[in-house]
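Per-entry structural report
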Amino acid sequence: MAKLILSMDGLVLKEIPLNKERITIGRKPHNDIQIDNLAISGEHAAIVTILNDSFLEDMNSTNGTLVNGQAVKKHFLRNLDVVELGKYKLKYMSDIPSTGASQADFEKTMILRPGVNKAPEQMRSFTDTQTGLSKAAPAPAASLSAAIQLLNGGNVGKELELTKTLTTLGKPGVQVAVIARRPHGFFITHVEGTQFPVVNGEVLDAQAHQLKDHDVIEIAGIKMEFFLKA
């Protein structure tokens with residue numbers, strides 16, 4: 001299991017196992033990792049762990065987040081990466097091989113915008129680099145095949161096959177979720193935003209939720225149907 005080593009001025013303060021799908025870091029008490037320091041925002045950053053891969057996201061913090069000395073908004077964590085939040089450091093340690101996801105997998109997001117009719121404008125990364133529906137990273141070796149179909153908005157009826165290890169959906173800065181393809185099924189996990197994804201009318205929590213055939217998902221005001229393919 002991957003873990004974080006929290007330290008300040010070279011003094012190790014705590015060891016935190018990444019045993020949850022989503023771990024939040026910030027000054028407020030409700031965070032999984034609370035750092036009571038004014039340089040740290042109330043909700044500073046989050047780490048999403050899916051299978052053997054962990055992704056760091058800065059939650060629009062006031063003073064920013066550094067990884068190995070470089071400012072980041074989103075970062076695919078690698079063994080021995082050092083995350084810096086003010087005077088505090090979090091060293092990421094993992095001796096488990098990655099599942100094959102990548103920084104690009106996490107950054108590329110299908111942006112869901114009601115009323116937009118041009119599909120290319122909907123498929124953009126967080127840095128506004130256009131991507132296509134067909135550009136997908138290799139998925140794990142498995143016989144599972146599934147897709148989502150948009151049920152409202154300007155692209156109603158459009159299908160997106162879930163061929164990647166990770167498929168990121170939503171509107172950056174508003175609401176983002178990740179659908180992870182695993183050997184035993186597809187799981188949706190909340191990543192960003194104060195509102196959590198809704199499945200079949202039920203609001204999810206921070207933990208991964210396994211999707212079932214014909215589940216109706218709502219993210220950022222867009223409804224979509226998840227279905228398995230033969």
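For the structure, check the block above.
**Re the overall build of the protein chain**
Within the protein chain, the regular secondary structure consists of two helices and 23 strands. Looking at the protein chain alone, contacts between residues at least 24 apart form 44% of all its contacts between residues at least 6 apart. Summed over its atoms, the accessible surface of the protein chain is roughly 11,000 Å², and 51% of this surface lies on carbon and sulfur atoms.

**Some words on the sheet that holds strand β14 (residues 146-150)**
One open sheet accounts for six strands, arranged β15-β14-β23-β22-β19-β20; its pairing is antiparallel. Across the chains shown, the open sheet's two edge strands, defined by having one partner strand only, are β15 (159-161) and β20 (202-203).

**Details of the pairing of strand β22 (residues 215-219)**
Taking every second residue as pointing to the same face, the buried face of β22 carries D215, I217 and I219, while none of V216 and E218 on the other face is buried. Across two bridges, strand β19 (residues 198-199) lies against β22 in antiparallel orientation. Following the sheet pairing, V199 is matched in β22 by I217. With antiparallel pairing between neighbouring strands as the criterion, β22 and strand β23 (residues 222-228) make up a hairpin whose turn holds two residues, including A220 at a positive phi of roughly 55°.

**What to know about the sheet that holds strand β1 (residues 3-8)**
Read from one edge of the open sheet, six strands run β2-β1-β11-β10-β7-β8, paired in antiparallel fashion. Each having just a single partner strand, β2 (11-17) and β8 (70-72) make up the two edges of the open sheet. For this sheet, the mean angle separating the axes of adjacent strands, direction not counted, is 30°. Examined bridge by bridge, strand β7 (residues 65-67) and β8 share three bridges and lie antiparallel to one another. Among the inter-strand pairings, T65 is bridged to a residue of β8, identified as V72.

**Side note on unusual backbone geometry**
Here N68, not a glycine, exhibits a phi torsion of approximately 55°, which is positive. A relative accessible area of 44% places N68 in the partly exposed class. Backbone geometry at L80 places phi at a positive 75°, although glycine is not the residue there. Here L80 is to be found in the loop between β9 (74-76) and β10 (82-85).

**A word on the packing of aromatic side chains**
For the structure on display, the rule yields two aromatic pairs. Between the aromatic rings of F55 and F76, the centroid separation amounts to 5.2 Å while the plane-to-plane angle is 45°, which identifies the pairing as tilted. Taken together, the positions of F55 in strand β6 (residues 53-58) and F76 in strand β9 put the pair 21 residues apart, joining distant regions of the chain. For F55, a relative accessible area of 1% corresponds to the buried category. Here R182 stacks its cationic end above the ring of F187, 4.4 Å away from the centre of that ring.

**What about the pattern of salt bridges?**
This model, assessed by the stated rule, comprises six salt bridges. A salt bridge links E161 to K229, with the nearest nitrogen and oxygen atoms 3.2 Å apart. With E161 in strand β15 and K229 in the segment after β23, this residue pair connects regions lying 68 residues apart in the sequence. Classification of K229 by relative accessible area gives partly exposed; the value is 30%.

**Considerations on the side chain of T24**
If you trace the backbone, T24 turns up in strand β3 (residues 22-26). Taking the relative accessible area as the measure of exposure, T24 reaches 16% and is therefore buried. Residues in contact with T24, not counting those within four places in the same chain, are H30, N31, D32, I33, A45 and A46.

**Examining the nonpolar core**
In this structure, L4, L56 and L90 are the most contacted members of the largest nonpolar core, which totals 21 residues. At the level of secondary structure, the elements contributing two or more residues to this core comprise β1, β3, β5 (45-50), β10 and β11 (88-93). With three residues, the single largest contributor to this core is β11. By size, the runner-up hydrophobic cluster in this structure holds 19 residues, among which are I148, L150, L162 and I217.

Here is what the cut-offs are and how they apply
Residues numbered from 1 in each chain as written. Predicted model: local features only at pLDDT ≥ 70, side-chain atom pairs only at ≥ 80, totals over all residues. Heavy atoms only, no water. Helix = DSSP H or I, 4+ residues; strand = E, 2+ residues; numbered from the N terminus. Contact = heavy atoms within 4.5 Å. Areas by Shrake-Rupley, 256 points an atom, 1.4 Å probe, with all protein chains shown as cover. Pairing = 2+ DSSP bridges. Buried < 20%, exposed > 50% of the residue type's maximum accessible area, 1.4 Å probe, protein only. Axes fitted to C-alpha atoms, helices over the stretch in contact; angles between N-to-C directions. Phe/Tyr/Trp six-rings, centres within 6.5 Å; stacked < 30°, edge-to-face > 60°. Lys NZ or Arg CZ within 6 Å of the ring centre and 35° of its normal. Salt bridge = Lys/Arg side-chain N within 4 Å of Asp/Glu carboxyl O. Core = buried A, V, L, I, M, F, W, Y, C linked by side-chain atoms within 4.5 Å.

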